[in-house]
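# Residue-level structure breakdown
What follows is the residue order along each chain.
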Amino acid sequence: MSEGIIRKSLPDMLRAAVSRGLPQGWVYLPDGEITVASDCVLIADEAYQDEEELGVIGRRLGFPREGLDTQTIEDVCDAAARLSASPDDEVYVQAFAYYWKFDAYLPSLGAPDPPPADIVLRELDREFYDSLGEERAASRCRREGCERGAVKMSAFCRKHHFEMVRLRPCIFE
């Protein structure tokens, strides 16, 4: 194997990260699902400076998908270790795959995929809209043509206050 290139099973690579035994670099992955049977390759930064060159080398070696950098892998393994008293390969691979796919730490063992971003945004928007409270009939919204009451601590009704803060149309009526 060339200098600066380490090819291992993904569990072996993750165990090396746990013990801080990996050089700084990027892990590249094969196509397909990430499992305990997956192989990977780490291309060390010191051997190859150009990010584009790293991807070319990864593809040439049969690992077309950029994975994670060494520091992030170590952080993911540290987070996985907090989820289990004695994390095994399955736990580390699960944590790695979750982070790689969702750019987030695994919240618990066996956690389902997080909801899509548009659903999360809608839930956050709804929570904000509901937090605005009731509209006060005695204090009219200042938006021209609006007959609704303003919410507490605002000159606007819930709809128009939402639009002013979120900078997009309010879908809650």
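Now for a look at the structure at hand. Sequence order as written defines the numbering, with residues in each chain counted from 1. With the structure being a predicted model, the display of local features is reserved for residues of pLDDT at least 70 and the display and counting of side-chain atom pairs for 80 or more, all residues being used for whole-chain, interface and lining totals. By convention in this description, side-chain values take in all heavy atoms of the structure and omit both hydrogens and water.

### Some words on helix α5 (residues 117-131)
A rise of 1.5 Å per residue sets the reference length of α5, with its 15 residues, at 21 Å; its end C-alpha atoms lie 21 Å apart and thus fit the reference within 8%. For α5, the set of buried residues is D125, F128 and Y129. Projected down its long axis, α5 shows its buried positions confined to an angular sector of 100°, all on one face. Those residues of α5 that are exposed and angled more than 90 degrees off the buried face are E127 and S131. In this fold, the buried residues of α5 make contact with α6 (158-166). For helices the rule is a DSSP run of H or I covering at least 4 residues; for strands it is a run of E covering at least 2, with both sets numbered from the N terminus onward. What a helix is expected to span follows from its residue count: subtract one and scale by 1.5 Å. The buried label applies to any residue whose accessible area, calculated with a 1.4 Å probe on protein chains only, is under 20% of its type's maximum; exposed applies above 50%, and partly exposed to all values in between. The arc in question is the one spanned by the directions pointing from the helix axis to the C-beta atoms. Contacts are assigned to residue pairs with any non-hydrogen atoms lying within 4.5 Å of each other.

### Thoughts on the nonpolar core
Inside soluble globular proteins, nonpolar side chains tend to come together where they are buried. The biggest cluster of nonpolar side chains holds 27 residues, and the ones touching the most others in it are L10, L14, V27, I34, I73 and F96. In terms of residues, this core owes the most to one element, helix α4 (residues 89-102), which gives eight residues. Those residues within four positions of L10 in sequence are excluded, and the remaining contacts are I34, T35, S38, D39, C40, V93 and F96. In this text, buried Ala, Val, Leu, Ile, Met, Phe, Trp, Tyr and Cys residues form a nonpolar core when linked through side-chain atoms within 4.5 Å.

### Some details on the packing of helix α1 (residues 10-18) against α4
Look at α1 against α4: their axes get within 10 Å of each other, and the N-to-C directions meet at 90°. Viewed along their axes, α1 and α4 adopt a mutual orientation that is roughly perpendicular. Counting all contacts with α1, which are made through L10, P11, L14, R15 and V18, the residues of α4 involved are D89, Y92, V93 and F96. Amino acids outside the nonpolar list (Ala, Val, Leu, Ile, Met, Phe, Trp, Tyr, Cys, Pro) and the charged list (Asp, Glu, Lys, Arg) are all regarded as polar, and Gly is one of them. Here the residues of the contact of α1 with α4 are counted per class, giving seven nonpolar, no polar and two charged. Inter-axis angles, ranging from 0 to 180 degrees, are taken between N-to-C directions of lines fitted to C-alpha atoms, where helices are fitted over the stretch in contact. When describing relative orientation, an angle under 35 degrees is termed roughly parallel and one over 145 degrees roughly antiparallel, while 65 to 115 degrees is termed roughly perpendicular and anything else oblique.

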